[in-house]
Amino acid sequence: MTDAVQQRYARFARDEAPGRSALYEEWATGVADDREVQRILARIPETRRQPPLVFAVTRLLGAELDGYPAWRRFVLRHADEVVAECSTRQLQTNEPLRLAALLPVLSEIEGPVAMLEIGASAGLCLYPDRYSYRFVGEDDRLRAALDPEDGPSAVILESRVTGVLPPLRMPEVVWRAGIDLAPLDAADEKDRSWLRALVWPGESGREERIDAALDIAASDPPRLVAGDALVSIDALAAEVPADATLVITTPGVLVHIPRAERNALVERISRLQARWITIDPPGLLDVWEPPVDAGAWPGFVVALDGRVRAAADPLGRWWEWRAAVAADAS
């Protein structure tokens, strides 16, 4: 199993960390060359030993943001604790900036809307109406700005937009709920610490943004249900106010669900009286209309009811409207 660990961390150091976190790149490179640490991480269940999860757990347990030798010493001293904690944790990246890439699609749906997120974590992506948006062009000039009705928010989501800027408007959200295997409480300091630990070192401004979003969620908590979405979604959807359009979102969660269960969930969503907004790797699903060339597609796919609307960074840092391109191709 150490070979699997070695390959996973080498791939992370080569393909995922560069340009995003120099420290995580160093840590992953170190693990890929370190048999002793690999043997420790091999004790963690395969689905719980992803580099971002392991690194976040070690930070939660007290590892300093220092070079690989210091991190290695920490892991060797606390091996049993690291293995035990990783075995109970899961990646719950709750990045409200994803809403910057989803807002153009939300703008297509007439309000009022009821937001239901699958994989909601602490529910930070259930508040598109409570955040401010700043969309800039490739030259860093402001192209569009939107604020909540009561004025600028403490959470400002800035995203780079290339190409066409579609019509944008703030949604009218009248109900919000989420499903997660282990929901987090925005008001609980331990849960807040875990979300902070999931922020990669070097991601400027992200921890502050998440903290501000946590304050908003804590002041008006959403309804969060613990459990499997396939089991819970029908009953929760039945609670939606009669005058609201149900909008189900799956931002970044489907990639963590095994294929059979993922396909079953997408099928279940399609049978509900709801609109479905998702942001996923281009090769993850077979429902895209029109079909997407995964090898040539930049970033992730943003889609509405399976219809391709935009290409985007998976965390919402940039997006490119592709609806016109999709229409021409169909």
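Residues numbered from 1 in each chain as written. Predicted model: local features only at pLDDT ≥ 70, side-chain atom pairs only at ≥ 80, totals over all residues. Heavy atoms only, no water.

Named according to an unreviewed UniProt entry, the protein chain is DUF2332 domain-containing protein originating from Microbacterium sp. A8/3-1.

Chemist: I'd like a description of the pairing of strand E11 (residues 318–321), backed by residues and values.
Modeler: Alternating positions in E11 separate cleanly, Trp319 and Trp321 being buried on one face and Trp318 and Glu320 remaining unburied on the opposite face. Of the strand pairs in this sheet, strand E4 (residues 156–162) and E11 are connected by three bridges, and their pairing is parallel. Residue pairing for E11: Thr162 is matched across the bridge by Glu320. Judged from the three bridges that link them, strand E10 (residues 307–312) and E11 form a sheet pairing that is antiparallel. Across the sheet, residue Ala310 finds its bridge partner in E11, namely Trp321. (Buried < 20%, exposed > 50% of the residue type's maximum accessible area, 1.4 Å probe, protein only. Helix = DSSP H or I, 4+ residues; strand = E, 2+ residues; numbered from the N terminus. Pairing = 2+ DSSP bridges.)

Chemist: So what's going on with the packing of aromatic side chains? Residues and values would help.
Modeler: For the structure on display, the rule yields twelve aromatic pairs. Ring geometry for Tyr68 versus Trp71: centroids 5.9 Å apart, planes at 35°, classification tilted. Here the residue Tyr68 and the residue Trp71 both occupy positions in helix H5 (residues 68–77), the gap between them amounting to three residues, near one helical turn. The exposure classification of Tyr68 matches that of Trp71, with both residues buried. In this structure an aromatic cluster arises from ring pairing among Tyr9, Phe12, Tyr24, Trp27, Phe55, Tyr68, Trp71 and Trp200. Above the ring of Trp200, the side-chain terminus of Arg20 is found at 3.5 Å from the ring centroid. Here the guanidinium or amino end of Arg322 rests over the ring plane of Trp297, the centre of that ring lying 4.7 Å away. (Phe/Tyr/Trp six-rings, centres within 6.5 Å; stacked < 30°, edge-to-face > 60°. Lys NZ or Arg CZ within 6 Å of the ring centre and 35° of its normal.)

Chemist: Please provide a residue-by-residue account of the packing of helix H1 (residues 2–16) against helix H2 (residues 22–32), values included.
Modeler: At a minimum axis distance of 8 Å, the contact between H1 and H2 shows a crossing angle of 150°. Viewed along their axes, H1 and H2 adopt a mutual orientation that is roughly antiparallel. As for how H1 packs across H2, the hand of that crossing is left-handed. Counting all contacts with H1, which are made through Val5, Gln6, Tyr9, Ala10, Phe12 and Ala13, the residues of H2 involved are Tyr24, Glu25, Ala28, Thr29, Val31 and Ala32. Class assignment of the residues belonging to the contact of H1 with H2 gives a composition of nine nonpolar, two polar and one charged. (Axes fitted to C-alpha atoms, helices over the stretch in contact; angles between N-to-C directions. Parallel < 35°, antiparallel > 145°, perpendicular 65-115°, else oblique. Left-handed = near helix turned anticlockwise from the far one by under 90°. Contact = heavy atoms within 4.5 Å. Nonpolar A, V, L, I, M, F, W, Y, C, P; charged D, E, K, R; others polar.)

Chemist: Mind laying out the pattern of salt bridges, listing which residues take part and the relevant values?
Modeler: Tallied over the full model, the rule gives 28 salt bridges. Of the charged contacts, one joins Arg206 and Glu95 as a salt bridge, the two residues approaching to 2.6 Å between their closest N and O atoms. Taken together, the residues Arg206 in helix H9 (residues 206–219) and Glu95 in the loop between helix H6 (79–88) and helix H7 (98–106) connect sequence positions 111 residues apart. With respect to class, Arg206 is no different from Glu95; both count as buried. (Salt bridge = Lys/Arg side-chain N within 4 Å of Asp/Glu carboxyl O.)

Chemist: Describe in detail the sheet that holds strand E7 (residues 245–251), supporting the description with residues and values.
Modeler: Judged by pairing direction, the sheet is mixed, and its eleven strands sit side by side in the order E3-E2-E4-E11-E10-E9-E8-E7-E1-E5-E6 without closing on themselves. Because the sheet does not close on itself, it has two edges, and the strands there are strand E3 (142–146) and strand E6 (223–226). This sheet shows a mean twist of 25° between the axes of neighbouring strands, independent of strand direction. Alignment of strand E1 (residues 113–118) against E7, held across five bridges, turns out to be parallel. Bridge pairing in E7 links Leu116 to Ile248.

Chemist: Describe H6, and please don't skip the residues or the numbers.
Modeler: When H6 is considered as a whole, its buried residues turn out to be Ala79, Val82, Val83 and Cys86. Relative to the axis of H6, the buried residues are bounded by an arc of 95° and lie together on one face. Facing away from the buried side of H6 by more than 90 degrees, the exposed set consists of Asp80 and Thr88. (Arc of directions from axis to C-beta.)

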